[in-house]
Amino acid sequence: MIKDIKTALLLFLVLAVMTGLIYPLAMTGIGQVVFPHQANGSLIRQHGRIVGSSLIGQYFREPQYFWSRPSATSPVPYNGAGSGASNLGPNNPVLAQHVAARIKAIKAADPAEKGPVPVDLVTSSASGLDPDISIAAALYQIPRIAQAGGIDIVTLRHLVKENTTEPLLGFLGEHVVNVVKLDLALHDRYAAAHGATRSPLTKGAKS
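All of these numbers come straight from a predicted model, not from anything done at the bench.

K.L.:
What should I look at first to understand unusual backbone geometry in this one?
P.N.:
In terms of backbone geometry, most residues other than glycine have negative phi values and most peptide bonds are trans. Of note in this structure, Y78 is not a glycine but carries a positive phi near 55°. Inspection of the secondary structure assignment puts Y78 in the loop between β2 (49-53) and α3 (93-109). Its identity is not glycine, yet N87 carries a phi of approximately 65°, on the positive side. Within the secondary structure layout, N87 lies in the loop between β2 and α3.

Below, the structure written as structure tokens:
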């Protein structure tokens, strides 16, 4: 009996050290060497300051910037500490009301646009943190941004293309546009053209 207890304790200690110390340290070290950017949160820096992460969206509502998809996190949109969806099913009337209100707001911001609103502009992701929108959702917003920001449509289309991510391995998933990176690139255009100094990220998101 005593021998069995000693063996069990020894096995427990060995496994505790291996899985609780050696393995985490090894994975951390490999991550820092092989994928340092990803291992540290895929942080985005602007002028030496951390302004966000390419993995977490931010809430934009100024007409001269691209808008992200809605976020269901609480207490503020894109709250990294409260990831989660709305949990409203497709047949839930509350979801239909929310979508209808979002469509109305988007069309009010750009009444000249008569086409259907892309679904990802009026529905949140499962995590509530998705920073990406579809190419269709990005292109849909270009007329509004061109008018509000005074940047030509060709330039805006080029920025969308530059910030479009290809599907994994070329076929897994879809082409997506990272709104955080896109709006930072757009802000740089405004800064060059009009001397703008305050980023939509560094000044904080509006809710």
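K.L.:
Help me understand the pattern of salt bridges, please; the structure alone is not making it clear to me.
P.N.:
Side chains carrying opposite charge are able to pair once their charged atoms draw close together. Taken as a whole and assessed by the stated rule, the structure comprises 1 salt bridge. A salt bridge links D130 to R69; its shortest N-O distance comes to 3.8 Å. Here D130 is found in the loop between α3 and β3 (132-134), whereas its partner R69 is found in the loop between β2 and α3, with 61 residues between them in sequence. Taking the relative accessible area as the measure of exposure, D130 reaches 23% and is therefore partly exposed.

K.L.:
Whenever I open this one, the sheet that holds β3 confuses me. Can you help?
P.N.:
By way of backbone hydrogen bonds, the strands of a sheet pair with one another, either parallel or antiparallel. The strand order across the open sheet formed by 3 strands is β3-β5-β4, and the pairing between neighbours is antiparallel. Lying at the two open borders of the sheet, with one neighbouring strand each, are β3 and β4 (164-165). Here β4 pairs with strand β5 (residues 176-178) via 2 bridges, running antiparallel. Counterpart to T164 in the pairing with β5 is V177. Against the sheet, helix α6 (residues 179-194) makes contact with β3 and β5, and its axis sits at roughly 55° relative to β5, the strand it touches most.

K.L.:
In this structure, what is going on with the nonpolar core? I would like to understand it.
P.N.:
Generally speaking, soluble globular proteins have nonpolar side chains that are buried together. Core analysis: the biggest nonpolar cluster contains 26 residues, and F66, I106, L156, V160 and L186 have the highest contact counts within it. Sorting the residues of this core by element identifies α3, α4 (135-149), α5 (153-162) and α6 as the ones contributing at least two each. Considering each element in turn, this core owes the most residues, 6 residues, to α4. Ignoring sequence-local partners within four residues, the contact set of L156 consists of F66, I142, I145, A146, I151 and L186.

Parameters at a glance
Residues numbered from 1 in each chain as written. Predicted model: local features only at pLDDT ≥ 70, side-chain atom pairs only at ≥ 80, totals over all residues. Heavy atoms only, no water. Helix = DSSP H or I, 4+ residues; strand = E, 2+ residues; numbered from the N terminus. Salt bridge = Lys/Arg side-chain N within 4 Å of Asp/Glu carboxyl O. Buried < 20%, exposed > 50% of the residue type's maximum accessible area, 1.4 Å probe, protein only. Pairing = 2+ DSSP bridges. Contact = heavy atoms within 4.5 Å. Axes fitted to C-alpha atoms, helices over the stretch in contact; angles between N-to-C directions. Core = buried A, V, L, I, M, F, W, Y, C linked by side-chain atoms within 4.5 Å.

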